[in-house]
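So the chains spell out like this:
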Amino acid sequence: MKTDIILAGVGGQGILSIATVIGAAALQKNYYLKQAEVHGMSQRGGSVQSNLRISDRPIASDLIPLGSADLILSVEPMESLRYLPFLNRDGWLVTNEVPFLNITHYPDMERILSEIKALPHSVTLGADALAETCGSVKVSNMVMLGAAIPFLPFSEPEIEMAVRTIFGSKGEEVIETNLKAIRLGTDQSRSYMNP
Amino acid sequence: MQNDKKLLLGDDAVAQAAIDAGLSGIYAYPGTPSTEIMEFVQKSPDARRRNIHRQWSANEKTAVEEALGLSYVGKRSMVCMKHVGLNVAADAFINAAMTGVNGGLILVVADDPSMHSSQNEQDSRFYGKFAMIPVFEPSCQQEAYDMVFEAYALSEKYAVPVMMRLTTRMAHSRSGVSRRTLQDENSRSLPENPSRFILLPVNARRQYKNLLALQARFSEASLRSTFNQYMDGPDKSLGIVACGIAYNYLLENFENQNCPYPVVKIAQYPVPSELIQNMAATVKKILVLEEGYPFVEEQLNGIISNHYAVSGRLDGTLPRDGELSPDLAGKALGLTSRSVFPVSDSTVPRPPALCRGCGHIDMFSCISEVMKEIPDGLVFSDIGCYTLGALPPFSAIVSCVDMGASITMAKGASDGGVPVAAGVIGDSTFTHSGMTGLLDCILEKTPVTIIIGDNSTAAMTGGQDSSAYGRIEKICLGLGVEEDHLQVLTSLKKYHQENMEKLKKELLYQGVSVVVFRRECVQVAARRVRKG
């Protein structure tokens, strides 16, 4: 078993929190894991990505080779396309549809969405609106984590246990909000694939 | 398999190992990708319980000297910086190799190939060789952890500082690491031969001979190091030298990490010449994979005879600049790449930008507007978030070179006859390396205006404590800035007109003036609110 994931987004959107939860889940299952993060200048509203590799055998490289990612999980639509050459031909692209507009010449949204939908395997959802129904737009990253569960080597209860480990110190309310967001994301993703 | 393991960044692994190896003090100035080492120690319950020194220093030079002082009294110390920080600390660093150490001293330097967050991609292994000390370069997080113990042992065995070189991917990548049991700290003890720390020529000559004599020992240590390995392979058409993290990129290209070629893995320097010679005797060609400059590749001519075909960064097999990747390693091995999706043409670059609500935005709005009226003026700048003032819509600054250079370059330009010369510098950068330059200006009454963008933190690296906090006015007045020409403004839109007028007046003043634009970093403020 090996799952290579590229997490994509804009600095400040919370992709490292997604990585932390997946990392905790991997540790619980005794999987090997390598996760390369971007810190520093790009975190100031620039493009950020994280290479996350999970396997039941030792992993060599911290970076995912071109054409090897099983999943691109993005919290922003344009950012999901930035790393396309890393996606395996059979891999999935799962992204939030809501653009993060902090640049002047953001490309045409229809073009971005049609390019995503032209891929063999993709899931798109409006994570921000779903997050708001959970009480905070801030958990849109957790909605996206939920949407990715069908493509991860973890079950929903395993992810839930990881969330409890990571957010344990923040209290039951925070945990419940995050779990609700994750469940919504998973449901949306499943119904998107099997309408 | 991984049960007892903790997920640690390379930086975290180094910090955890130092604590477990009996660290008594860590010294550092924040700099990507090294910052998390100090931050890990600051958050560690063991470090708190033992009261391990874990405060930020004013700059990398003071950090190295403080660590050397702690080592002088027999304790284990660590000092951390990014690669360019070692330029600042070079005087202390090179001479620490001359004095040697008492308690173990590890200097951790994090290089940034591809310049993700830096102004160059200098390779610190050259500094290690220049100082003639052992250098460690881990290939994975567990090795980084284990190495720290060996590095302290080697440092104390030969009484020399040792370097540990990380690169961005090692520093900022997470993996499972197993810990050893926590060791006691060293007890306090003074050096047996204290004159070695007094580098008068008579002592320095003796110390240099001593350091030269140790070189053979360091080479011997590299040869015997468990971190350096010669692994034979059935296919003798090629031999590979792989350093640090490049070893992982090599193995990634083979099923089950089974490389068919003989490999020398290097993770400790001086270069283990004998391992390379042993491999060279069995192969015809050699490929060198190393992150950074062609450090080993350039040395190969002195290690093996020059009739070997050597490939790497010098002959164009690998790019001369930028970080390596599994794909670049695969290409150098002549492996065919997978068919991949083409690069999307619907994406545009998204460069970093000042945060929404950042005080620097208000500062640069003032500067840009005032400077429109002074077309022959020049605004130099420095290293920090405010370097983003170079980008539109501000395009407000003409330079970003090294810590503190805004002030001194403005002085030089003024010396050259530029009528209005200004330097924009952050609060933390000002106390790092700006104060001495300001003193130069004051001594010569140079007509310059120093604009201090004071957000009360080291913001670019994530909001660490700034040594300047609460003392900028006192420092400026103490250095000799006239009270009438020290303006402290609040960086808010509602004061825009007033701030602009005050700034303009000082820019036109024919002497040294300092204008402080002050407002707390929005990220730090938000974090404080979240914590309650």
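Not measured: the values here are computed from a predicted model.

A. Representation of the packing of helix α14 (residues 359–372) of chain B against helix α18 (residues 496–508) of chain B in the model. Residue and element names in this part refer to chain B. The contact between α14 and α18 brings their axes to 9 Å, and the two run at 55 degrees. Classified by the angle their axes make, α14 and α18 are oblique. In this structure, the crossing between α14 and α18 has a hand that is right-handed. Of the residues in α18, those in contact with S365, C366, I367, E369, V370 and M371 of α14 are H496, N499, M500, L503, K504 and L507. In terms of residue class, the contact of α14 with α18 is made up of 7 nonpolar, 3 polar and 2 charged.

B. Seen up close, the environment of B:A422. All names here are of chain B. Structurally, A422 can be placed in strand β15 (residues 421–426). Each C-alpha atom, one on A422 and one on I397, is 9.5 Å from the other, the two residues being 25 residues apart in sequence. Sequence-distant contacts of A422, defined by excluding residues within four places in its chain, comprise L378, V379, F380, S406, A410, T449, I451 and L507.

C. How the structure looks around the nonpolar core. Residue and element names in this part refer to chain B. Grouped together as the largest cluster of nonpolar side chains are 116 residues, with contacts concentrated most on M78, I240, I276 and V296. With 9 residues, helix α7 (residues 141–158) is the largest single contributor of residues to this core. Residue contributions to this core reach at least three from each of two domains, namely domain 1 (6–187 + 194–224) and domain 2 (229–332). With residues up to four places along the chain from it excluded, the contact list for M78 reads V14, A18, L23, G25, I26, Y27, I37, A67, I106, V108, V148 and Y152. Formed by 54 residues, the second largest nonpolar core is a distinct cluster that contains M371, I397, I442 and A459.

D. Quick peek at a positive patch on the surface. The grouping of A:K138, A:K170, B:K43, B:R530 and B:K531 at the surface amounts to a positive patch. One can find B:R530 in helix α19 (residues 522–531).

E. Molecular detail of the sheet that holds strand β8 (residues 229–231) of chain B. Residues and elements named next belong to chain B. Spatially, β8-β10-β9-β12-β13 is the arrangement adopted by the 5 strands of the open sheet, whose pairing is mixed. A strand with exactly one partner marks an edge of an open sheet, and here the two such strands are β8 and β13 (309–311). Sheet twist, expressed as the average angle between the axes of neighbouring strands with direction ignored, equals 15 degrees. Judged from the 3 bridges that link them, β8 and strand β10 (residues 263–266) form a sheet pairing that is antiparallel. Paired with Q229 across the strands is K265, a residue of β10. Contacts from helix α11 (residues 273–280) reach β8, β9 (239–243), β10 and β12 (285–289) within the one sheet, and its direction differs from that of β10 by about 165 degrees.

F. Quick peek at the environment of B:M363. All names here are of chain B. Mapped onto the elements of the fold, M363 is located in helix α14. Overall, M363 belongs to the buried group, its relative accessible area being 0%. Spatially, the C-alpha atoms of M363 and D112 are 30 Å apart, while their sequence positions differ by 251 residues. What M363 contacts, discounting residues up to four positions off in sequence, is Y386, V424, I451, G453 and F517.

G. Local environment of the pattern of salt bridges. Residue and element names in this part refer to chain B. On inspection of all chains with the given rule, the structure shows 42 salt bridges over all chains. For D146, the salt bridge is made with R180, and the minimal N-O distance between the two is 3.4 Å. Of this pair, D146 sits in helix α7 while R180 sits in the loop between β7 (173–177) and α9 (201–224), and the two are 34 residues apart along the sequence. R180 sits in the partly exposed class, given a relative accessible area of 38%. Close ionic contact of D362 with R519 constitutes a salt bridge, the shortest N to O distance being 2.8 Å. Pair noted here: D362 is in helix α14 and R519 is in the loop between β18 (513–518) and α19, with a separation of 157 residues, a long-range link. Each of the salt bridges in this network shares a partner with another, and the network as a whole consists of D111, D123, R125, E137, R165 and E290.

Basis of the calculations
- Residues numbered from 1 in each chain as written.
- Chains lettered and ligands numbered in written order.
- Predicted model: local features only at pLDDT ≥ 70, side-chain atom pairs only at ≥ 80, totals over all residues.
- Heavy atoms only, no water.
- Axes fitted to C-alpha atoms, helices over the stretch in contact; angles between N-to-C directions.
- Helix = DSSP H or I, 4+ residues; strand = E, 2+ residues; numbered from the N terminus.
- Parallel < 35°, antiparallel > 145°, perpendicular 65-115°, else oblique.
- Left-handed = near helix turned anticlockwise from the far one by under 90°.
- Contact = heavy atoms within 4.5 Å.
- Nonpolar A, V, L, I, M, F, W, Y, C, P; charged D, E, K, R; others polar.
- Core = buried A, V, L, I, M, F, W, Y, C linked by side-chain atoms within 4.5 Å.
- Buried < 20%, exposed > 50% of the residue type's maximum accessible area, 1.4 Å probe, protein only.
- Domains from an automatic or database assignment.
- Patch = residues over 30% accessible without salt bridge, like charges linked within 9 Å, V, L, I, M, F, W, Y side chains within 5 Å.
- Areas by Shrake-Rupley, 256 points an atom, 1.4 Å probe, with all protein chains shown as cover.
- Salt bridge = Lys/Arg side-chain N within 4 Å of Asp/Glu carboxyl O.
- Lys, Arg positive; Asp, Glu negative; His and termini not counted.
- Charge placed at Lys NZ, Arg CZ, Asp CG, Glu CD.
- Pairing = 2+ DSSP bridges.

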